[in-house]
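Reading the structure
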Amino acid sequence: MAVIKQAFSKDGTIDEYILSNARGTRLQVTNWGARVTRFIIRDSSGTDRDIVAGFDNYEKWQASLKIDDPYFGATIGRVAGRIYPCDHVDVAGNNCVLPEIQPNHVCLHGGREGFDKKVWSGEIISKSNPASVRFTYISPDGEEGFPGKVELSVMFSLGEDNAMFIEYMGKLVEGVETILNPTNHTYWNLTGFEEPTIHNHVCRLSADQYMVTMPDHIMIPTGELAPVVGTMLDFLTGPRKYGEDVEKFDKNTLRGYDHIFVNSDQPTDDLREVACVWSESSGLRLTVLTDQPVLIMYTGNWISDQLVGKNGVRYGNYAAVAFETQRFPNAVNIPKFRSQVLLHPGDVFRHRSVYKIDKI
């Protein structure tokens, strides 16, 4: 195992850490947005493949934001997903006004400049098994409209079993109450983008329920749960290729999967499998485990085809899939789930997820 620190920006102010194991697998992460930049692994034919979306350096990433921002690889916060209505959010008995990122009073992924745009402090925690790097960010009171001063640390680890382990730990440093619900937004293409879409990827999910969204507000959670069986969201009955149904969604609204798959009512003590996806052409398989109740599966439905990333890869719709483990989105406005995202003095927020790569 090894961890190497190097510059990710030309001026040296942004860092990148390379975590590697004895198998030759490399996980690369940067303190800009506490994000994953590369995951390089050897496939069944002996070919090294970089199986996550992103850009070569900080400058190219910044240039890409002028075209589109799919949040490649980033830590999302303070609150992942959509909050509606964002102009009247009750926290600590006060009315908080959050930035409108999408039309009709919808805040998305922490606001205009969420945790994904911040420079975090970084430190190497371990160079043995697992190799680990921890990023920490302190969000001041009122940032993006969220009350209270919050400290969040995110630790990325790589084991000899080719598993990326992400552990979040948060606390309210100052204030009486706030909300916190981070996630990771890495996009995966198990062919290393040799296939330009994930249409031939096969997926299996553990969720038997999904959260219903508002008919007049695309992707705003209502709090109502419904069974996946008998719908296009049923990846439980048997594994399916994305290409079977992903193109059947309305091209003007969803375009593909961007749904809330529910595995439990609340966080659990143990890690459990929530998703498994594999590519028959590369022979690689990704298994996702978490202690969080919800998985958002997003098939990259709105990725611009003007984005050109690492190795000259041109991205586009369905280029990769993101598995966002988290607590219930919009929970602050849903009484049944509200307590899961509230943070008070003395509370410790915890969230653990594992993304393990092996061969089929």
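One can find the structure itself at the top, above this paragraph.
Residues numbered from 1 in each chain as written. Predicted model: local features only at pLDDT ≥ 70, side-chain atom pairs only at ≥ 80, totals over all residues. Heavy atoms only, no water.

1. Here we look at the packing of aromatic side chains
Given two aromatic rings, one states the distance between the centres and the angle between the planes to describe the pair. Applying the stated criterion across every chain, the model contains 22 aromatic pairs. Look at Phe-135 and Phe-156: their rings are 6.0 Å apart centre to centre, the planes differ by 65°, and that puts the pair in the edge-to-face class. Residue Phe-135 is located in strand E12 (residues 131–139), and its partner Phe-156 is located in strand E13 (residues 149–158); the two are separated by 21 residues in the primary sequence. For Phe-135, a relative accessible area of 0% puts it in the buried group. Above the ring of Trp-32, the side-chain terminus of Arg-35 is found at 4.0 Å from the ring centroid. Above the plane of the ring of Trp-302 lies Arg-255, whose end atom (NZ or CZ) is 3.5 Å from the centre. (Phe/Tyr/Trp six-rings, centres within 6.5 Å; stacked < 30°, edge-to-face > 60°. Helix = DSSP H or I, 4+ residues; strand = E, 2+ residues; numbered from the N terminus. Buried < 20%, exposed > 50% of the residue type's maximum accessible area, 1.4 Å probe, protein only. Lys NZ or Arg CZ within 6 Å of the ring centre and 35° of its normal.)

2. Concerning the pattern of salt bridges
Counting across every chain of the model gives 21 salt bridges. One salt bridge in this structure joins Arg-38 and Asp-50, with 3.4 Å as the shortest N-O distance. Of this pair, Arg-38 sits in strand E4 (residues 35–42) while Asp-50 sits in strand E5 (residues 48–50), placing them 12 residues apart in sequence. The pair formed by Arg-38 and Asp-50 is uniform in burial state, with each residue classed as buried. Measuring nitrogen to oxygen at the nearest pair gives 3.0 Å for the salt bridge that ties Glu-113 to Lys-118. Judged by relative accessible area, which is 39%, Glu-113 ranks as partly exposed. Among the ionic contacts, a cluster of salt bridges with common partners joins Arg-38, Asp-50, Asp-56, Lys-60 and Lys-310. (Salt bridge = Lys/Arg side-chain N within 4 Å of Asp/Glu carboxyl O.)

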